[in-house]
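The lines below spell out each chain.
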Amino acid sequence: MTTKRQIILTTITTVFLLTVLFTDISLVGYWTDIVFSILIVSISLKVVFKSKTEKTWLTWTLRSMAILTSIVVYGLLGLNLINPFAWDTFKMRSFYYQSVDGRLFNAYFKPVGAYSGGEGNFWITETYKYFPIIEEEKYYEHAILWDFRDSEFDGQAVNQEEIVKAYVRDEILEKENNIPPTSA
């Protein structure tokens, strides 16, 4: 593989991980960031260690970046698998591509039980219409009092998608339209 491709792959890996870790922007879905991170770091490690560049300092820089990104990804993955509270992630409920006023939203509910003070964590992300593989977090509530796993409430059937859409209207769209003026 040419030096240019090694540099591009290492740069893309580093930029992707920094974006996912330090911003509210990610790939659509909860597991896609985890799976894609493991995949891109593994490919980066293989490519960078398979061949050398013409410059020794560049070879060492690329290998160092590949090792550093793999430590971050596999370290975070290992810490989350050891943490017993992280196992609730496997019970997560997702609502993909809910259209509200012509905009696309995804909602995620992760039950956490009694130790958090509510039914679970709830967050809503917006997916851009012309680039539907990227989402940006718009709303987050740590201890929500509604359980999105239940299909009925007080003996009545509940449409959880309509409740998600109501949250989008109330917590995102209404707040965007009613921004109070800033004082000087």
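Look up: the structure comes first, before these words.
Residues numbered from 1 in each chain as written. Predicted model: local features only at pLDDT ≥ 70, side-chain atom pairs only at ≥ 80, totals over all residues. Heavy atoms only, no water.

(A) Looking closely at the side chain of Thr 13. Here Thr 13 is to be found in helix H1 (residues 3-22). You can call Thr 13 buried: its relative accessible area is 1%. Contact partners of Thr 13, with chain neighbours within four places excluded, come to Ile 40, Val 41, Ser 44 and Thr 69. (Helix = DSSP H or I, 4+ residues; strand = E, 2+ residues; numbered from the N terminus. Buried < 20%, exposed > 50% of the residue type's maximum accessible area, 1.4 Å probe, protein only. Contact = heavy atoms within 4.5 Å.)

(B) Geometry of helix H2 (residues 30-50). Compared with the 30 Å implied by 1.5 Å per residue over 21 residues, the 31 Å span of H2 between its first and last C-alpha is a close match. Among all positions of H2, only Asp 33, Ser 37, Ile 40, Val 41, Ser 44, Val 47 and Val 48 are buried. Projected down its long axis, H2 carries its buried residues within an arc of 135 degrees, all on one side. Across H2 from its buried face, at more than 90 degrees, point the exposed residues Val 35, Lys 46 and Lys 50. (Expected span 1.5 Å × (residues − 1). Arc of directions from axis to C-beta.)

(C) How the structure looks around the environment of Phe 95. With respect to the secondary-structure elements, Phe 95 resides in strand E2 (residues 93-100). Counting along the chain gives 65 residues from Phe 95 to Gln 160, while the straight-line C-alpha distance between them is 8.7 Å. Setting aside its immediate chain neighbours within four residues, Phe 95 contacts Phe 105, Asn 106, Ala 107, Phe 148, Gln 160, Glu 161 and Val 164.

(D) Here's a closer look at the side chain of Thr 69. Counting through the fold element by element, Thr 69 comes out in helix H3 (residues 56-82). In contact with Thr 69, other than residues within four places in its own chain, are Thr 13, Thr 14, Leu 17 and Val 41.

(E) Here's a closer look at the pattern of salt bridges. If you walk through the whole model with that rule in mind, you get 4 salt bridges. Between Glu 126 and Arg 103 there is a salt bridge, and its shortest N-O distance comes to 2.8 Å. Of this pair, Glu 126 sits in strand E4 (residues 120-128) while Arg 103 sits in strand E3 (residues 103-111), and the two are 23 residues apart along the sequence. The class of Glu 126 is buried, set by a relative accessible area of 8%. Given a relative accessible area of 23%, Arg 103 falls into the partly exposed group. A salt bridge links Glu 171 to Lys 175; the shortest N-O distance between them is 2.9 Å. Within this pair, Glu 171 and its partner Lys 175 are both found in helix H4 (residues 160-177), separated by 4 residues, close to a single helical turn. Residues participating in the shared-partner salt-bridge network are Arg 103, Glu 126, Lys 138 and Glu 176. (Salt bridge = Lys/Arg side-chain N within 4 Å of Asp/Glu carboxyl O.)

(F) Geometry of the packing of aromatic side chains. Inspection of the entire model under this criterion finds 12 aromatic pairs. Centroid distance Phe 109 to Phe 148: 5.5 Å. Interplanar angle 55 degrees. Geometry classified as tilted. Here the residue Phe 109 occupies a position in strand E3, and Phe 148 occupies one in the loop between strand E5 (131-144) and strand E6 (152-153), the gap between them amounting to 39 residues. Phe 109 sits in the buried class, given a relative accessible area of 0%. Consider the rings of Trp 123 and Tyr 140, whose centres lie 6.2 Å apart with planes at 40 degrees: the pair is tilted. You can see Trp 123 sitting in strand E4 and its partner Tyr 140 sitting in strand E5, a full 17 residues away along the chain. Take Trp 123: its relative accessible area is 12%, and that puts it in the buried class. Tyr 140 sits in the partly exposed class, given a relative accessible area of 41%. Through successive ring pairs, a cluster of aromatic residues spans Phe 95, Phe 109, Phe 122, Tyr 139, Phe 148 and Tyr 167. (Phe/Tyr/Trp six-rings, centres within 6.5 Å; stacked < 30°, edge-to-face > 60°.)

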